[in-house]
Amino acid sequence: MSIAENVARVREAMARAAIAAGREPGEILLAAATKMNDAGRVREAIAAGVDICGENRVQEMLEKQAQGAYEGAPLHFIGHLQKNKVRQVVGLVSLIHGADSLPLLEAVSREAQKRGIVQDVLLEVNIGRESSKSGFAPESVGDALEAASALEGIFVRGLMAIPPICSVPAGNRPFFLAMKQLFVDNGRKKYDNVSMDFLSMGMSGDFTEAIACGANLVRVGTAIFGPRNYNP
Ligand SMILES: *Cc1c(COP(=O)(O)O)cnc(C)c1O
């Protein structure tokens, strides 16, 4: 299967899931999770019509960006962002998905102010309460939004989550539904510099389930590019 064929299949599955949930297929964005795929393969995915490229590792992103890999698509940072890498990412990407702590939000805020820009971010929620994962606890999202609201140079555009690894796609349904609830509840409150536009959840194994539960931005790697080779 070519990348273009895979993108077409993912789009069809997304559309079916949207329609089944009574939603407009056009309201759901497809981010290609491009980690470990070279510039040529990233360009193929963009040509095939993915909406966004999402990268995980700062160094890899900078190298591929220098090669012009992302021309024609917005670039998002979807990985875990270390505070000492903030300088390299702020202003380069249109959205940082994994804003997972107040110190990180403060670091992004400082860097954005230095550059005279406003950086869009999503708050990452540790929806499965896993000790191995970072992110805000579900019950602290309101406080996090309030704190973020007071920071100059950042604008919160929604929430993101990576639920626990699960052997069946439907197993993550409770986590996706809990995220949707947080998205709706916190979207009703009015904070400055916050607009609940994006609910980023769902990967290759469970993006249709995530869409059924309300995701409007899915991050798909393997189903577009095939398995990643971690030991080349
Ligand atoms: C790699 C990655 C994805 C995509 O994972 P697949 O299972 O390959 O679709 C999505 N989100 C994040 C944060 C990732 O790191």
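**Overview of helix H7 (residues 173–188)**
Spacing of three or four residues puts side chains on the same side of an α-helix, whose turn is 3.6 residues.
Line of reasoning, step 1. Taking 1.5 Å of rise per residue, the 16 residues of H7 would be expected to cover 22 Å, and the 23 Å separating its terminal C-alpha atoms lies within 8% of that figure.
Line of reasoning, step 2. Taken together, the buried positions of H7 are occupied by Phe176, Met179, Leu182, Phe183 and Asn186. Summarising the axial view, the buried residues of H7 lie within an arc of 115°, below the 170-degree limit, and thus occupy one face. Every exposed residue of H7 that faces more than 90 degrees away from the buried side is listed here: Pro174 and Arg188.
Line of reasoning, step 3. Each element contacted by the buried residues of H7 is listed here: helix H6 (141–149), strand E6 (154–160), strand E7 (194–200) and helix H8 (207–212).

**So, the pattern of salt bridges**
Line of reasoning, step 1. Tallied over the entire structure, the rule returns 13 salt bridges.
Line of reasoning, step 2. The residue glutamate 130 makes a salt bridge to lysine 133 at a minimum N-O spacing of 2.7 Å.
Line of reasoning, step 3. Overall, the relative accessible area of 19% leaves glutamate 130 in the buried class.
Line of reasoning, step 4. One salt bridge in this structure joins aspartate 197 and arginine 157, with 2.7 Å as the shortest N-O distance. On the criterion of sequence distance, the pair formed by aspartate 197 in strand E7 and arginine 157 in strand E6 is long-range, its members being 40 residues apart.

**Side note on the site of the ligand**
Line of reasoning, step 1. Around the ligand, a shell composed of Ala33, Lys35, Asn56, Ile78, Ile162, Met203, Ser204, Arg219, Val220, Gly221, Thr222 and Arg228 is seen.
Line of reasoning, step 2. One of the backbone N or O atoms of glycine 221 is found 2.8 Å from an oxygen atom in the ligand.
Line of reasoning, step 3. Between threonine 222 and the ligand, the recorded distance is 2.6 Å, taken from a side-chain N or O atom to an oxygen atom.
Line of reasoning, step 4. By residue class, the composition of the shell around the ligand is five nonpolar, four polar and three charged.

Calculation notes
- Residues numbered from 1 in each chain as written.
- Predicted model: local features only at pLDDT ≥ 70, side-chain atom pairs only at ≥ 80, totals over all residues.
- Heavy atoms only, no water.
- Helix = DSSP H or I, 4+ residues; strand = E, 2+ residues; numbered from the N terminus.
- Expected span 1.5 Å × (residues − 1).
- Buried < 20%, exposed > 50% of the residue type's maximum accessible area, 1.4 Å probe, protein only.
- Arc of directions from axis to C-beta.
- Contact = heavy atoms within 4.5 Å.
- Salt bridge = Lys/Arg side-chain N within 4 Å of Asp/Glu carboxyl O.
- Near = heavy atom within 4 Å.
- Polar contact = N/O pair within 3.5 Å; in protein donor to acceptor, adjacent residues only side chain to side chain.
- Nonpolar A, V, L, I, M, F, W, Y, C, P; charged D, E, K, R; others polar.

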